[in-house]
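One-letter residues, chain by chain:
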Amino acid sequence: MAAIHHPDHGYGHEHEHHGPPSGIMRWMTTTNHKDIGTLYLWFSFMMFLTGGVMALTIRAELFQPGLQLVEPEFFNQLTTLHGLVMVFGAIMPAFVGFANWQIPMMIGAPDMAFARMNNWSFWLLPPAALLLIGSFFVPGGAAAGGWTLYPPLSTQMGMGMDMTIFAVHIMGASSIMGSINIVTTVLNMRAPGMTMMKMPLFVWTWLITAYLLIAVMPVLAGAVTMLLTDRHFGTNFFNAAGGGDPVMFQHIFWFFGHPEVYIMILPAFGIVSQIIPVFARKPLFGYSSMVYATSSIAILSFVVWAHHMFTVGMPVSAQLFFMYATMLIAVPTGVKVFNWVATMWQGSMTFEAPMLFAIGFIFLFTLGGFSGIVLAIVPVDIQLQETYYVIAHFHYVLVSGSLFALFGGTYYWLPKWTGHMYDETLAKTHFWLSMIFFNVTFFVQHFLGLAGMPRRSPDYALQFADFNMISSIGAFGFGLSQLLFLYGILKCIRGGEKATSQVWEGADTLEFTLPSPPPYHSFETPPIVK
Amino acid sequence: MGVKTVAMGVKMIAKIITGAFALTFYSGAATSSYQLNLSAPQSGIATQIYDLHTLLLWICLAIFIGVFGVMFYSVLKHRKSLGYKAANFHHSTTVEIIWTIIPFIILISMAYPATKTIISMKDTAAPDITIKATGHQWQWGYDYLKGEGEGASFYSKLSTPQEQIRNQVPKGEHYLREVDNNMVVPVGKKIRVLLTANDVIHAWSVQELGVKQDAIPGFIRDAWFKADKPGIYRGQCSELCGKEHAYMPIVVEAMEPEKYTQWVINQKKKSEATVVDVNKIFTIDELKVEGEKVYAANCAACHQANGKGLPGAFPALDGSKVANGPKNKHINIAVNGETGTAMAAFKHLSNVDIAAVVTYQRNAWSNSTGDIVQPSEINEFRK
């Protein structure tokens, strides 16, 4: 805190002389929030491509009925690892990358609160990823029981399952440390004058997300540890023959799993809430109601978990409770969508890539919300549970939701991060291709699910053939479009038109008061927020 | 190596393209391509669900038009390029309260009919017939416990031949949704299905009848349906249960009560005919011939037809210690399975079947123990 009162007390000079070590050691030893943010972002992008290759192999097998490319056992490994890699390797670390880059700059801090722990949080991830990917090459192959790891099927697996369990432990530890860091930074390191209710929404949504993570990651760790002891040490937590209950795992898993869903969408809400007002040149409508809505969603997320399990055979009262609680989530979520639309209303809008992705997000995420309401209604869910309808639903909220927000956020802040404007034509092409191919891939899966095609199946009846073929074509289109994204980013890093410090005409948050790219220690002197 | 990979890739793509053409020819046989909605309901509950889903879609459509009508109007008109100047409003408590309350009312209009359906779905009391369905990796077992047909008991497994799955012959109309023994029920009778599983969690699901219920090992769950009219209703296992998950369909055949009575009589006759004296002595060749069939139906999915298994996942039987070691240990594993592994118990098979398959395994491929296992030995072992 001394630095705040004596800004020119040697603090800044030292670092200018030393600077970071060069080469690989810069990245291994870095405690700088921007370097670590960059590491997170590249790591998650690599995992995104890895999970994407798995998805494309799945779609290639499903291009037509019958078995063509892969055997059923390997197919199940692919669906399982696709889920785990995308959730824990791609989406979550990407948001942590954004948090690292943006939170200190948006609250006027020099760095994250626990800089060394920040380094450790990141460097836990590559070993976890190696365990996950490496499990394909051990006897018996990777875990093949679905990303939800339901026993008793998961107790049948080979050592690939143990590697997955350890990977989940490690990634959980990383997430918890990352969250503690974010909570501490946000609560203690805001610039003078920045009260809680003046924080940018991205910071708010991440603060709430961090609390969710701290609450539920230990629950997941507990669940997989019980799985591990059931597998190797003779316990019977989930084995009915020994007095356990396989359904208990599902309750514990989804007590983690449902908040996890919001962990992956709340920061996306934050990014979209930053982008829309800037490109509408109009302040965000209903800031405080946005904060309350986000908090309500987070709290409700703890009491809806069993809606993932409507077919396990719960009593009527439990089914009714979980149905009503789930439907209730539509209220604060609706409020958010209405607020975004009201922000756009009578704005003076321009449609650069970040805005396109934000509008695409609102449109498609809302469609995912509609299918969510349909699935919340127990009798209809009974028909649709474990079908492609569920696959369509959660890809609408996770791909055109979380991922589109990540794309939008990348284009929004990339000029700030690199100091160069990205290629707008390339970015817009990336948006339109993603938008079209995403819908080609996933919209038809609603129909497949309604007609009763079960998920996690390498083969299907003939009446599902046409839509599967369309979906596979869309998937390859979507996958290839992402190479444009990579190319656009590399191009922007290497050069391009110089970005101003404000970058966007309507931008008014603190990071846009710093030069582009920002200095190594973002705010050495805290700005005063009026 | 690079060239080889590319060549393989080209071959694969060619295979997919020719496959696609072939498919357009076969798919003429498919019942209904491009089905856009739930299948036509065939029971009271399924009809309620169908109508509920339609109601939800209309409500969602209305909200969709409302919200996105406003958003796209704004996107089209409130553009900087049209010279539109931004307003500066950013708060209205009244508006926030209104758009919190309206969704709430809409939700209640959805929850009310749903609640009624849930309550009737859960009412499994006073059934006419009770049938237990047991999920096995990877087939269903049906036991008629109570009501007309009591005592009937059989297994129901996929009847689609491997050649169709492997694309060696054209696929049939009911590819992957056909079984050797349908679950038969009379129309207009309340059928209560008790569900459990033998190994992992499965789910018993027939969409047209409005039923989906997980089958959980060690626990019994129930569900019910009443088929409106005669017909064959098809569904698939709906909880990932291992590698053959896609290959354990459910087929329910609903028939007029008189025909059902006839079916019950036939079932009785059939089961009486299959009772074999446990003390009958078979020759090794008889057992091997029978054993090969039992092996193909129950073992080959994991241990493979050539007995080599799948390295790492499923052990080989060809040359294995078990198949060439002491007889009793071999019988024990076949009957009781091996806990902690994917090897399930096969105690549901008849004494003749187990005797045959064990004899077959001990004398097939490179195994040549010359051992004969008689059904009487299995009968003895079970005591």
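Residues numbered from 1 in each chain as written. Chains lettered and ligands numbered in written order. Predicted model: local features only at pLDDT ≥ 70, side-chain atom pairs only at ≥ 80, totals over all residues.

Visitor: So what about the overall build of chain B? Which residues, and what values?
Guide: Per the secondary structure count, chain B includes 11 helices and 10 strands. Relative to the compact-globule value of 21 Å for 383 residues, chain B shows a C-alpha radius of gyration of 28 Å, a clear excess of over 25%. Once the C-alpha set of chain B is aligned to its principal axes, its extents read approximately 95 × 70 × 40 Å. The proportion of buried residues among the 383 residues of chain B is 37%. Sequence separation of 24 or more characterises 62% of the internal contacts of chain B that already satisfy a separation of 6 or more. (Helix = DSSP H or I, 4+ residues; strand = E, 2+ residues; numbered from the N terminus. Rg over C-alpha atoms; globule rule 2.2 N^0.38 Å. Buried ≥ 20, exposed ≤ 12 C-beta atoms within 10 Å, placed from the backbone. Contact = placed C-beta atoms within 7 Å.)

Visitor: Residues and numbers for the overall build of chain A, please.
Guide: If you tally the helices and strands in chain A, you get 18 helices and zero strands. For 530 residues, the compact-globule formula gives about 24 Å, and the C-alpha radius of gyration of chain A, at 23 Å, lands near that figure. With the principal axes as the frame, chain A shows a C-alpha extent of 70 × 55 × 45 Å. Taking all 530 residues of chain A together, 63% fall into the buried category. The contacts of chain A with a sequence gap of at least 6 include a subset with a gap of at least 24, amounting to 82%.

Visitor: Could you give me a rundown of the sheet that holds strand β9 (residues 231–236) of chain B, with the residues and numbers involved?
Guide: Residue and element names in this part refer to chain B. Strand order in this open sheet of three strands is β4-β10-β9, and the pairing throughout is mixed. Two strands bound the open sheet, and with one partner strand each, they are β4 (183–186) and β9. Going across the sheet, the axis of each strand differs from the next one's by a mean of 25°, ignoring polarity. Looking at chain direction, β9 and strand β10 (residues 249–255) are connected through six bridges and run antiparallel. (Pairing = 2+ DSSP bridges. Axes fitted to C-alpha atoms, helices over the stretch in contact; angles between N-to-C directions.)

Visitor: Lay out the pairing of β4 of chain B with the relevant residues and their values.
Guide: All names here are of chain B. What you see with β4 is no split at all: M183 and V185 on one side and V184 and P186 on the other are buried throughout. Strand direction decides the pairing type here: β4 and β10, joined by four bridges, are parallel. Of the residues in β10, the one forming a bridge with P186 is M255.

Visitor: Any details on helix α2 (residues 44–77) of chain B? Residues and values, ideally.
Guide: Because each turn of an α-helix spans 3.6 residues, side chains separated by three or four positions in sequence point in the same direction. The terminal C-alpha atoms of α2 of chain B lie 49 Å apart, and with 34 residues this matches the ideal 50 Å at 1.5 Å per residue to within 8%. As for α2 of chain B, its buried residues are in contact with α13 (330–344), α14 (353–376) and α15 (378–384) of chain A together with α3 (93–121) and β8 (221–225) of chain B. (Expected span 1.5 Å × (residues − 1).)

Visitor: Go over the interface of chain A and chain B with me, naming the residues and quoting the values.
Guide: Opposite the 83 residues of chain A that make contact, chain B presents 92 residues. Contributions of two or more residues to the side of chain A that touches chain B are made by α5 (72–107), α10 (246–280), α12 (316–328), α13, α14, α15, α17 (424–450) and α18 (465–494) of chain A. Take the side of chain A that touches chain B: its biggest share by element is eight residues, from α13 of chain A. Considering only residue class, the side of chain A that touches chain B consists of 50 nonpolar, 26 polar and seven charged. (Nonpolar A, V, L, I, M, F, W, Y, C, P; charged D, E, K, R; others polar.)

Visitor: Give a detailed account of the environment of K270 of chain B, specifying residues and quantitative values.
Guide: Residues and elements named next belong to chain B. As for its placement among the helices and strands, K270 is situated in helix α5 (residues 257–273). Taking the C-beta count within 10 Å as the criterion, K270 has 11 such neighbours and is therefore assigned exposed. Taking the C-alpha atoms as reference, K270 lies 9.9 Å from A152; in sequence the two are 118 residues apart.

Visitor: Talk me through the environment of W204 of chain B; I want residue IDs and the actual numbers.
Guide: All names here are of chain B. Position of W204 relative to the elements: it lies in strand β6 (residues 202–206). Among the residues examined, W204 registers 27 C-beta atoms within 10 Å and is labelled buried. A sequence separation of 62 residues divides W204 from N266, and the C-alpha atoms of the two residues are 26 Å apart. Leaving out residues up to four positions away in the same chain, W204 has contacts with A133, V193, L195, V211, Q213, A215 and I250.

Visitor: Break down the nonpolar core for me, with residues and values.
Guide: Ranked by internal contacts, the top residues of the largest apolar core, which has 250 residues, are I91, V203, V272 and I377 of chain A. If one sorts the elements of this core by residue count, α10 of chain A sits on top with 22 residues. Not counting residues up to four positions away in its chain, the partners in contact with V272 of chain A are W340, A358, F361, I362, A405 and G408 of chain A. Counting residues in hydrophobic clusters, the runner-up holds 21 residues, among them A334, I354, A356 and A364 of chain B. (Core = buried A, V, L, I, M, F, W, Y, C linked by C-beta atoms within 7 Å.)

Visitor: If you had to explain the sheet that holds strand β3 (residues 153–156) of chain B to someone new, which residues and values would you point to?
Guide: Residue and element names in this part refer to chain B. Strand order in the open sheet formed by five strands is β3-β2-β1-β5-β8, and the pairing between neighbours is mixed. Because the sheet does not close on itself, it has two edges, and the strands there are β3 and β8. Geometrically, the sheet is characterised by an average inter-axis angle of 25° between neighbouring strands, direction not taken into account. Alignment of strand β5 (residues 191–197) against β8, held across five bridges, turns out to be antiparallel. Residue pairing in the sheet places R192 in a bridge with W224 of β8.

Visitor: With reference to specific residues and values, describe the confidence of the model for chain A.
Guide: For chain A, the average pLDDT comes to 93, and 96% of its residues sit at 70 or higher. A low-confidence stretch, residues 1–17 of chain A (pLDDT under 50), is modelled with nine contacts involving residues beyond four sequence positions or located in other chains. (pLDDT = per-residue confidence, 0-100.)

Visitor: Break down the confidence of the model for chain B for me, with residues and values.
Guide: If pLDDT is low for a region, its predicted coordinates should not be looked at in detail. Residue and element names in this part refer to chain B. Confidence along chain B averages 86 in pLDDT terms, with 90% of residues attaining 70 or more. The model gives residues 18–31 a pLDDT under 50, and that stretch makes 19 contacts with residues more than four places away or in other chains. At the level of chain-chain contacts, confidence expressed as ipTM amounts to 0.89, with global pTM at 0.87.

Visitor: Please give an account of unusual backbone geometry that cites residues and values.
Guide: A cis amide bond, omega -5°, links S516 of chain A with the succeeding residue P517 of chain A. Among the secondary structure elements, P517 of chain A is positioned in the segment after α18. Along the chain, Q137 of chain B connects to W138 of chain B via a cis peptide bond; the corresponding omega equals 0°. Following the sequence through the fold, W138 of chain B ends up in the loop between β1 (129–136) and β2 (139–146).

Visitor: Go over the environment of I359 of chain A with me, naming the residues and quoting the values.
Guide: The topology assignment puts I359 of chain A in helix α14. Here the alpha-carbon distance between I359 of chain A and A129 of chain A, two residues 230 residues apart in the chain, equals 33 Å.

Visitor: I'd like to hear about the packing of helix α9 (residues 201–232) of chain A against α10 of chain A, residue by residue, with values.
Guide: Residue and element names in this part refer to chain A. At their nearest, the axes of α9 and α10 sit 8 Å apart, and the two run at 165° to each other. As the angle between them shows, α9 and α10 are arranged roughly antiparallel. Crossing geometry of α9 relative to α10 is assigned as left-handed. When its residues are assigned to classes, the contact of α9 with α10 shows 24 nonpolar, six polar and one charged. (Parallel < 35°, antiparallel > 145°, perpendicular 65-115°, else oblique. Left-handed = near helix turned anticlockwise from the far one by under 90°.)

Visitor: Run through the packing of helix α6 (residues 115–123) of chain A against helix α8 (residues 159–188) of chain A, naming residues and quoting values.
Guide: Residue and element names in this part refer to chain A. Where α6 meets α8, the axes come as close as 8 Å, and the angle between the chain directions of the two elements is 150°. In terms of orientation, α6 lies roughly antiparallel with respect to α8. Crossing hand, α6 versus α8: left-handed. Touching M117, N118, W120 and S121 of α6 are S174, M177, G178 and N181, all from α8. Its residues placed into classes, the contact of α6 with α8 shows three nonpolar, five polar and no charged.

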